[in-house]
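The chain contents come next:
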Amino acid sequence: MELEEEFQEAKKWVEKSFDLNVNGEASLFEVNIRYIGGLLAAYYLTGEEVFKSKALELGEKLLPAFNTPTGIPRGVINLGSGMSWSWGWASAGSSILAEFGTLHLEFLHLSELSGNPVFAEKVMNIRKVLNRVEKPQGLYPNFLSPVTGNWVQHHVSIGGLGDSFYEYLIKSWLMSDKKDSEAKKMYDDALEAIEKHLVKKSAGGLTYIAEWRGGILDHKMGHLACFSGGMIALGAEHAGEERKQHYVDLAAEITNTCHESYARSDTKLGPEAFRFDAGTEAMATRLSERYYILRPEVVESYMYMWRLTHDPKYRQWGWEVVKALEKHCRVEAGFSGIRDVYTTTPTHDNMQQSFFLAETLKYLYLLFCEDDVLSLDDWVFNTEAHPLPVNHTNFKAGLQ
Ligand code: DMJ
């Protein structure tokens, strides 16, 4: 974006002030997708060694979390002491699918850059455990025990707790220059099961993805689940001639539903979760689900749908979001989340989440760029929208 001065300032901060030995609770998943992903992308975009060495140093610091009987990492780590543990709120000491399932892209790059296979081995082992365990109806529940390697609860969601696991399957295949056929198969099978059991159409004709609680459907879609329009669009091109149109349509329908969740609010921004029950369609029914914290998933899907179809409506929808952000979220020091999307005198939550810069604004920027800016043929975006290069040459790490 030609923000050269800001870049130099940030680089200086990474060199001089980025302390990797903090004693405190850090999420393995967030450190990976935000810090390691960000550092790797900065390295690949600029070639500056400092980003590579910090990414590798940080990667080493995450390794102790994998010392469990199955090799499935625990969710929380102290970077100073190397101690790791499971989230207190995760039932029976379990690890979360969207967390341990969202390491693959970054860890393969860490092995590639360092020549040390350990990172690739860790994520290939996670895949092995997942392939071994029985999947109810072909679905992947959200909680797995790092001790036994079995599911702890049968709650399935394409939104929070599950989301980016599915995203990393198709992206692992794309990043390997379409060589990692195991990832592609896992993605295809998972999507088939999701479509069979979770994809529904409302009375008003809106397609949505429900959540599954041990066989019982919860007709709710989280804002987080709205990334799936983009994911399905990204995979559609590679689905084979007969299935391609089917997936393009499915991606468009889900993206349309997510747009409806924005269009039906007074601020034109979408709620944290919306429901399809008791006569409600694509609106939050609970007070606690009416907030918007500057999340990216809906504009992320607009960006992928635009690149796939070039239908101008996706740029129009993106522009509606830009205007709504300016109107309702802009504050003196930056942008803030709002507590209720259904009132035009919103209360700010006084927080600018880091994914607003990393993802929401980046996807909006890309929506209005030419397709060759970070072309999807050459780059995959990690789940925090940090671009990582497709390995067009010799992607061996972990795949022997
Ligand atoms: C981001 O941190 C990532 O996209 C993650 O995968 C889930 N969603 C948040 C932003 O909403």
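Every value quoted in this text rests on a predicted model; they were computed, and no experiment measured them.

1. Let's talk about unusual backbone geometry
Residue Gln137 is not a glycine yet carries a positive backbone phi of 55°. According to the relative accessible area criterion, Gln137 is exposed, its value standing at 52%. Although it is not a glycine, Asn350 sits at a positive phi angle of roughly 65°. For Asn350, the location among the structural elements is in the loop between β15 (334-335) and α13 (354-367). In this structure Asn350 comes out as exposed when scored by relative accessible area, which is 73%.

2. Here's the deal with the domain arrangement of the protein chain
Assigned domains within the protein chain: domain 1 (25-181 + 383-395) and domain 2 (198-352). Placing the centre of domain 1 and that of domain 2 at their C-alpha centroids yields a distance of 25 Å. Summing both sides of the interface, domain 1 and domain 2 together bury roughly 1400 Å²; the carbon and sulfur share of this comes to 73%. The largest share of the area that domain 1 buries against domain 2 comes from His155, Val156 and Ile158, three residues that together contribute 32% of it. Here domain 1 and domain 2 share zero salt bridges between them. Where domain 1 meets domain 2, there are four residue pairs in polar contact (both at pLDDT 80 or more). Here the element with the most residues in the side of domain 1 that touches domain 2 is helix α7 (residues 163-175); it accounts for seven residues. Within the side of domain 1 that touches domain 2, the residues separate by chemical class into eight nonpolar, six polar and four charged.

3. Quick look at α13
For α13, which comprises 14 residues, the first-to-last C-alpha distance of 20 Å matches the rise-based estimate of 20 Å (1.5 Å per residue) to within 8%. Along α13, the largest kink reaches about 25° and is centred on Leu361. The set of residues buried in α13 consists of Phe355, Phe356, Ala358, Glu359, Thr360, Lys362, Tyr363, Leu364, Leu366 and Leu367. Residues of α13 that are buried sit in contact with α2 (28-46), α11 (297-309), α12 (313-329), β15, β16 (379-381) and β17 (387-389).

4. Structural notes on the nonpolar core
Core analysis: the largest hydrophobic core is formed by 121 residues, its most contacted members being Tyr140, Tyr166, Met221, Ile232, Leu269, Tyr292 and Leu325. Three or more residues apiece are contributed to this core by two domains, here domain 1 (25-181 + 383-395) and domain 2 (198-352). What Leu269 contacts, discounting residues up to four positions off in sequence, is Ser261, Tyr262, Tyr292, Val321, Ala324, Leu325, His328, Cys329, Ile338 and Val341. Counting five residues, the second-largest nonpolar core is a separate cluster that includes Val76, Trp87, Ala90 and Phe143.

5. Quick look at a negative patch on the surface
Together, Glu4, Glu5, Glu6 and Glu9 make up a region of like negative charge exposed at the surface. Among the secondary structure elements, Glu4 is positioned in helix α1 (residues 4-17). Overall, the relative accessible area of 48% leaves Glu4 in the partly exposed class.

Criteria and thresholds
- Residues numbered from 1 in each chain as written.
- Predicted model: local features only at pLDDT ≥ 70, side-chain atom pairs only at ≥ 80, totals over all residues.
- Heavy atoms only, no water.
- Buried < 20%, exposed > 50% of the residue type's maximum accessible area, 1.4 Å probe, protein only.
- Helix = DSSP H or I, 4+ residues; strand = E, 2+ residues; numbered from the N terminus.
- Domains from an automatic or database assignment.
- Buried area = accessible area lost by both parts, 1.4 Å probe.
- Salt bridge = Lys/Arg side-chain N within 4 Å of Asp/Glu carboxyl O.
- Polar contact = N/O pair within 3.5 Å; in protein donor to acceptor, adjacent residues only side chain to side chain.
- Nonpolar A, V, L, I, M, F, W, Y, C, P; charged D, E, K, R; others polar.
- Expected span 1.5 Å × (residues − 1).
- Bend = angle between axes of the 7 residues up to and from the residue.
- Contact = heavy atoms within 4.5 Å.
- Core = buried A, V, L, I, M, F, W, Y, C linked by side-chain atoms within 4.5 Å.
- Patch = residues over 30% accessible without salt bridge, like charges linked within 9 Å, V, L, I, M, F, W, Y side chains within 5 Å.
- Areas by Shrake-Rupley, 256 points an atom, 1.4 Å probe, with all protein chains shown as cover.
- Lys, Arg positive; Asp, Glu negative; His and termini not counted.
- Charge placed at Lys NZ, Arg CZ, Asp CG, Glu CD.

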